[in-house]
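# Topology and contacts: notes
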Amino acid sequence: MTVAIDRTDHAVPAVSGRDLRVPLVQGGTRTYANFDYAASAPALTTVTDRLAEVLPYYASVHRGAGYASRISTDCYESARDSVARFVCCAADQVVVFTRNTTDALNLLATCVPGDTVVLDIEHHANFLPWRRRGRRVVAAADTIEETIGRIAAELGRKPAALLAVTGASNVTGEILPLDRLAALAHRFGARILVDAAQLAPHRRIDLRADAVDYLAFSGHKLYAPFGAGVLVGRRDWLDAADPYLAGGGAVREVSAADVEWAPAPQRHEAGSPNVLGVVALATACDTLGALHDTDVVAHEHHLTERLRTGLETLAGVRFLRIWTDSTDSVGIVAFTVDGFAPGHVAAYLSAEHGIGVRDGRFCAHPLLTRLGVDGALRASIGLGTTLADVDRLIDAVTALVGHGPGWDYSNSIGQWSPVPETRERLAGGAAVGAAPCN
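Within each chain, residues carry numbers counting from 1 in the order of the written sequence. Per-residue local features are limited, in this predicted model, to residues with pLDDT of at least 70; the limit for side-chain atom pairs, both in listing and counting, is 80 or more; totals at the level of whole chains, interfaces and linings are taken over all residues. The side-chain figures draw on all heavy atoms in the structure; neither hydrogens nor water molecules are used.

Per an unreviewed UniProt entry, the chain goes by the name Aminotransferase class V-fold PLP-dependent enzyme and belongs to Nocardia vermiculata. UniProt positions are given in the numbering used here, feature names are shortened, and annotations may be inferred rather than shown by experiment. UniProt, in its Sequence similarities (unreviewed entry) section for the chain, records the words "Belongs to the class-V pyridoxal-phosphate-dependent aminotransferase family. Csd subfamily." UniProt, in its Cofactor (unreviewed entry) section for the chain, records the words "pyridoxal 5'-phosphate".

Spelled out as structure tokens, the structure:
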């Protein structure tokens, strides 16, 4: 199912929640304008339709003789093929299902037989796990070219096992040249890992063409809810490492004195897996993989440029950028507004305009420090974003800069809220104010 995006010629898959109405603090409701795709994207309707189809057959996978168990097993294992096609796996690469990107990166960190080189711009998920076995941090320069030179110098200074880089910054959306970085890592005898949490929803990935050794991404950013992620990568390190979790499903044989572990991917998938999350992820991969990449890029580029153009004319609005020579980015615009804390602006946009953005440091504290800000706003664009949404955001920020918010707001322990808060919220399926759980 596709829907035409207003005032463009591009068609993209439909997402759930496009008709969601949210309350405004001044009264009434408005259709929700979601600019928080980089945190968690709404589900594709193809995903929700597939889950409704599979849910009656949900059962434990592997070793089950019942019909439902066999259907669930087939769905789970065939999902590996969907992921492999989506990222163009090489013959020696396997697909391991995880909880999310963070889980996938922590898994690989247990397998790396040596030091890992990282940049200081990374999301914490691709910055913290490597500490356990030797992490060497390279400070990003003002240009991509000089940054690549610094990486080369560090790899040449001392051997490393792995270069771990983001595919697209979760703060600014800027994209690194993965093929060049892969060639650089291999020249110095290292392998490359790409954190594709932000890249995979926006750009076609070809592991074979780019010679990328390992890749991690999350379903919840790929329009697939229910908490599944994936690590795709070369088998040898995964087979040589201890299992990520010790338990059922990761073994071939167990005795009272010894254990024979299964090879990857089963080696690192102990316990009952998240079947529905994996089905959702595979369906999203199939749906996005069937799109013309140029359609997605054109849709996103058109809306991102519209947003940047609208905001850059406003006094006091400043954009965040890592490199002066970057030429491509995914649909993320990070900015600050002079005179207003990011949390204050985000609360205003939500309460008075029904617009959702992210504020804070985006789990990238070292990057925000080097950019010289304590926090920022992040508007991220996805398949469900329309020109009308973008114009609403521009108009709302324009009104804020022009005459300030129309409501009072307070800051309690870093959380900005309208005062008084007139919007009713749901908690545990019941309206706020209902009897609490005992």
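Structure's up, so let's keep going.
## Some points on the layout of surface pockets
Space inside and on the surface of the protein is sampled on a 1 Å grid over the protein atoms alone, with a cavity defined as a set of points where a 1.4 Å probe fits but cannot get out and a pocket as an open set with protein on both sides within 12 Å along at least 5 of 7 lines; lining residues have an atom within 4 Å of a point. Grid points are joined across faces, edges and corners, and a volume is the space filled by probe spheres set on the points. Taken as a whole, the largest pocket holds about 650 Å³ of empty space. Together, 25 residues line the largest pocket, and Ala346, Ala347, Ser350, Gln415 and Arg423 are the ones closest to its centre. Going through the elements one at a time, β3 (21-23), α10 (342-353), β17 (355-356), β18 (358-360) and β21 (415-419) are the ones with two or more residues in the lining of the largest pocket. Each helix is a run of H or I in the DSSP string that is no shorter than four residues. Each strand is a run of E no shorter than two, and both are numbered from the N terminus. Broken down by element, the residue count for the lining of the largest pocket peaks at five residues, all from α10. The residue classification treats Ala, Val, Leu, Ile, Met, Phe, Trp, Tyr, Cys and Pro as nonpolar and Asp, Glu, Lys and Arg as charged. All others, Gly included, are polar. Counted by class, the lining of the largest pocket contains eleven nonpolar, seven polar and seven charged residues. The computed volume of the second largest pocket comes to approximately 350 Å³. His123, Asn170, Lys221, Phe362 and Cys363 are, among the 21 residues lining the second largest pocket, the residues nearest its centre. Taken together, the elements giving at least two residues each to the lining of the second largest pocket come down to α3 (101-109) and β18. A per-class count over the lining of the second largest pocket returns seven nonpolar, nine polar and five charged.

## As for the environment of Tyr32
Looking at where Tyr32 falls in the secondary structure, it is placed in the loop between β4 (29-31) and β5 (33-34). Along the sequence, Tyr32 and Gly356 sit 324 residues apart, while their C-alpha atoms lie 7.5 Å from each other. Whether two residues are in contact is decided by their heavy atoms, any of which lying within 4.5 Å being enough. The residues contacting Tyr32, other than those within four sequence positions of it, are Arg18, Leu20, Val22, Gly354, Ile355, Gly356 and Arg392.

## Looking at the confidence of the model for the chain
Per-residue confidence from the predictor is given as pLDDT, running between 0 and 100. Looking at the chain, the pLDDT average stands at 94 and 95% of residues meet or exceed 70. Scored below 50 in pLDDT, residues 1-10 shows 28 contacts in the model against residues more than four places distant or in partner chains. Of the regions scoring below 50 in pLDDT, residues 430-438 engages in seven contacts with residues more than four places distant in sequence or in other chains.

## Looking at the side chain of Arg136
As for its placement among the helices and strands, Arg136 is situated in strand β8 (residues 135-138). When neighbours within four sequence positions are excluded, Arg136 is seen to be in contact with Asp115, Thr116, Val117, Val118, Glu154, Arg157, Lys158, Pro159 and Ala160.

## Side note on the sheet that holds strand β11 (residues 214-218)
One open sheet accounts for seven strands, arranged β6-β12-β11-β10-β9-β7-β8; its pairing is mixed. Two strands close off the open sheet at either side, each with one partner strand: β6 (93-98) and β8. With strand direction ignored, the average angle separating the axes of adjacent strands in the sheet is 20°. In the sheet, strand β7 (residues 116-119) pairs with strand β9 (residues 162-166) via three bridges, with the strands oriented parallel. For Thr116, the partnering residue across the bridge sits in β9 and is Leu162. What counts as an axis is a line fitted to C-alpha atoms, over the stretch in contact for a helix, and the angles between N-to-C directions run from 0 to 180 degrees. Contacting β6, β11 and β12 (229-234), helix α2 (residues 67-87) runs over the sheet at an angle of about 120° to β6. Any two strands are treated as partners once DSSP identifies two or more bridges connecting them.

## Points about the pairing of strand β13 (residues 251-254)
Bridging between β13 and strand β14 (residues 259-261) involves three bridges; their strand directions are antiparallel. Bridged to Glu253 within β14 is Glu260. Between β13 and the antiparallel strand that follows it, β14, lie four residues.

## Topic: empty space enclosed by the protein
Sizing a probe to match a water molecule and rolling it over the atoms shows the empty space that remains. By the definition in use, this model includes three cavities of 30 Å³ or more. The calculated volume of the largest cavity comes to roughly 100 Å³. Every residue lining the largest cavity is listed: Phe86, Ala200, Pro201, His202, Arg203, Arg204, Ile205, Leu288, Leu291, Asp293, Val296 and Leu383. In terms of residue class, the lining of the largest cavity is made up of eight nonpolar, one polar and three charged. Each domain's limits were defined by an automated method or a database of domain assignments. Two domains each donate at least three residues to the lining of the largest cavity, and these are domain 1 (21-43 + 292-418) and domain 2 (47-290).

## Side note on the UniProt feature "domain: Aminotransferase class V" (unreviewed entry) in the chain
UniProt records the feature "domain: Aminotransferase class V" (unreviewed entry) at residues 34-393, using the numbering of this structure. With 38% helix and 17% strand, the stretch residues 34-393 has end C-alpha atoms that lie 10 Å from each other.

## Notes on the nonpolar core
Counting 83 residues, the largest nonpolar core has Val87, Phe97, Leu181, Ile192, Phe217 and Leu222 as the members making the most contacts within it. Counting residues per element, this core draws most heavily on helix α8 (residues 275-289), which supplies ten residues. Three or more residues apiece are contributed to this core by two domains, here domain 1 (21-43 + 292-418) and domain 2 (47-290). If near-sequence neighbours (up to four positions away) are discounted, Phe97 is found in contact with Tyr76, Ala79, Arg80, Val83, Gly229, Val230, Glu269, Val278 and Leu281. To form a nonpolar core, buried Ala, Val, Leu, Ile, Met, Phe, Trp, Tyr and Cys residues must be joined to one another through side-chain atoms within 4.5 Å. Exposure classes here rest on a 1.4 Å probe applied to the protein chains alone. A residue is buried below 20% of its type maximum, exposed above 50%, and partly exposed in between. With 30 residues, the next largest nonpolar core counts Leu307, Val317, Ala379 and Leu400 among its residues.

## Looking at the pattern of salt bridges
Salt bridge, as used here, is a side-chain nitrogen of Lys or Arg placed within 4 Å of a carboxyl oxygen of Asp or Glu. A complete count under the given rule lists 25 salt bridges for this structure. A salt bridge links Asp36 to Arg358; the shortest N-O distance between them is 2.6 Å. With Asp36 in the loop between β5 and α1 (45-54) and Arg358 in strand β18, this residue pair connects regions lying 322 residues apart in the sequence. Residue Arg358 is classed as partly exposed on the basis of its relative accessible area of 33%.

## Some points on helix α5 (residues 178-187)
Note that an α-helix has 3.6 residues per turn; residues three or four places apart therefore point the same way. Taken together, the buried positions of α5 are Leu178, Leu181, Ala182, Leu184 and Ala185. In a view along the axis of α5, the buried residues occupy a sector of 160°, so they form one face of it. Those residues of α5 that are buried are in contact with α4 (144-157), β9, β10 (191-195) and α6 (207-210). One or two positions beyond α5, positive phi appears at Gly189, with a value near 80°. This arc is built from the directions going out from the helix axis to the C-beta atoms.

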